[in-house]
Amino acid sequence: IEVVQLLHQRGAAITFEDNCGTYALQKSVWFNAHRVFRYLLGVQLRVDQRHKSRGTILHTLAGMGDPLTMEIFLEITHSSLAKLDPVEVDSRGWTAMNHLEFRANAEELREPFLRVLEHVKAAQQRNQGVSHSSFDITKGPVHAVEEADEDDVFSDALEFQLHV
């Protein structure tokens, strides 16, 4: 953990994907490095990052996470949590739940992982409630955009430009 903290404090790009398409948050789940995982979540990393052929952090958590790592995942409050899709498939056509069911100890992990999926669903519901209630007719659409998450505005604008 001390090395990760030092690297981060010195400006290391902790969201950077290596040549294999993996990144720090994913690796902390692979190794069930609980303190590192909690630290990375504490610096408010986006959790909706996808990695080459392996899907989302949900796929990694289901395939490699232990019960404590899944419990730590429940601490996530970052807005990107709502952008995860529990039924998204990876390059093999597997959902996160498929990865979990393939594990030898799937029965033991099912309940903790279902709590993870419920946490994602609750974030999606909160996000939908906020996005619908954030448009104030007295302010108009410009002010509603100004109050939105900066990353969301940029990605939406980029998608709009690409499709026009």
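Note that the structure is predicted; figures quoted are calculated from it, not measured.

(A) Inspection of the overall build of the protein at higher detail. Secondary structure summary: the protein contains nine helices and zero strands in total. Counting from the amino terminus, the protein carries its helices and strands in the arrangement α-α-α-α-α-α-α-α-α. For the protein, the proportion of its 164 residues judged to be buried stands at 35%. Nonlocal contacts in the protein, meaning residues at least 24 apart in sequence, comprise 70% of its contacts between residues at least 6 apart. Put simply, the protein shows about 10,100 Å² of open surface, and 57% of that area lies on carbon and sulfur atoms.

(B) Unusual backbone geometry, seen in detail. The phi angle at Asn32 is positive, at roughly 45 degrees, despite the residue not being glycine. Residue placement: Asn32 occurs in the loop between helix H2 (24-30) and helix H3 (34-42).

(C) Looking closely at the pattern of salt bridges. Under the defined criterion, the tally for this structure stands at seven salt bridges. Note that Arg46 is salt-bridged to Asp48, the shortest N-O span being 2.9 Å. Look at Asp48 and you get buried, because its relative accessible area is 11%. Among the charged side chains, a salt-bridge network with shared partners connects Glu71, Glu111 and Arg115.

(D) Broad picture of the confidence of the model for the protein. Per-residue confidence for the protein gives a mean pLDDT of 78; residues scoring 70 or more make up 68%. The low-confidence segment residues 132-164, where pLDDT is below 50, has eleven contacts with residues more than four positions distant or belonging to other chains.

(E) Structural detail: the packing of aromatic side chains. Tallied over the full model, the rule gives one aromatic pair. Taking NZ or CZ as reference, Arg92 lies 4.3 Å from the ring centre of Trp94, over its face.

(F) Broad picture of the nonpolar core. Counting 30 residues, the largest nonpolar core has Leu25, Phe73 and Phe113 as the members making the most contacts within it. Elements represented by at least two residues in this core include exactly H2, H3, helix H4 (57-64), helix H5 (67-73), helix H6 (96-101) and helix H7 (106-133). Examining the composition of this core, we find that six residues originate from one element, H7, more than from any other. For Leu25, the contacting residues outside a window of four places in its chain are Phe37, Leu40, Leu41, Leu45, Arg46, Val47 and Ile57.

(G) Region of interest: H3. When H3 is considered as a whole, its buried residues turn out to be Val36, Phe37, Tyr39, Leu40 and Leu41. Of the residues trailing H3, Gln44 is marked for its positive phi of about 60 degrees.

(H) Region of the structure containing the side chain of Thr56. Here Thr56 lies in the loop between H3 and H4. Among residues more than four places away in sequence, those in contact with Thr56 are Gln49, Arg50, His51, Leu84 and Glu88.

(I) Focus on H4. Within H4, six of the eight residues are buried, which leaves it mostly tucked inside the rest of the structure. Listing the buried residues of H4 in full gives Ile57, Leu58, His59, Thr60, Leu61 and Ala62.

(J) Quick look at the side chain of His119. Mapped onto the secondary structure, His119 falls in helix H7. Look at His119 and you get buried, because its relative accessible area is 14%. Within the structure, His119 has its side chain in polar contact with the backbone oxygen of Leu74 (distance 3.3 Å). Those residues within four positions of His119 in sequence are excluded, and the remaining contacts are Phe73, Leu74, Ile76 and Leu81.

(K) Representation of the environment of Cys20 within the structure. Take Cys20: it is sitting in the loop between helix H1 (2-9) and H2. On the accessibility criterion, Cys20 (52% relative accessible area) is exposed.

Rules used in this analysis
- Residues numbered from 1 in each chain as written.
- Predicted model: local features only at pLDDT ≥ 70, side-chain atom pairs only at ≥ 80, totals over all residues.
- Heavy atoms only, no water.
- Helix = DSSP H or I, 4+ residues; strand = E, 2+ residues; numbered from the N terminus.
- Buried < 20%, exposed > 50% of the residue type's maximum accessible area, 1.4 Å probe, protein only.
- Contact = heavy atoms within 4.5 Å.
- Areas by Shrake-Rupley, 256 points an atom, 1.4 Å probe, with all protein chains shown as cover.
- Salt bridge = Lys/Arg side-chain N within 4 Å of Asp/Glu carboxyl O.
- pLDDT = per-residue confidence, 0-100.
- Phe/Tyr/Trp six-rings, centres within 6.5 Å; stacked < 30°, edge-to-face > 60°.
- Lys NZ or Arg CZ within 6 Å of the ring centre and 35° of its normal.
- Core = buried A, V, L, I, M, F, W, Y, C linked by side-chain atoms within 4.5 Å.
- Polar contact = N/O pair within 3.5 Å; in protein donor to acceptor, adjacent residues only side chain to side chain.

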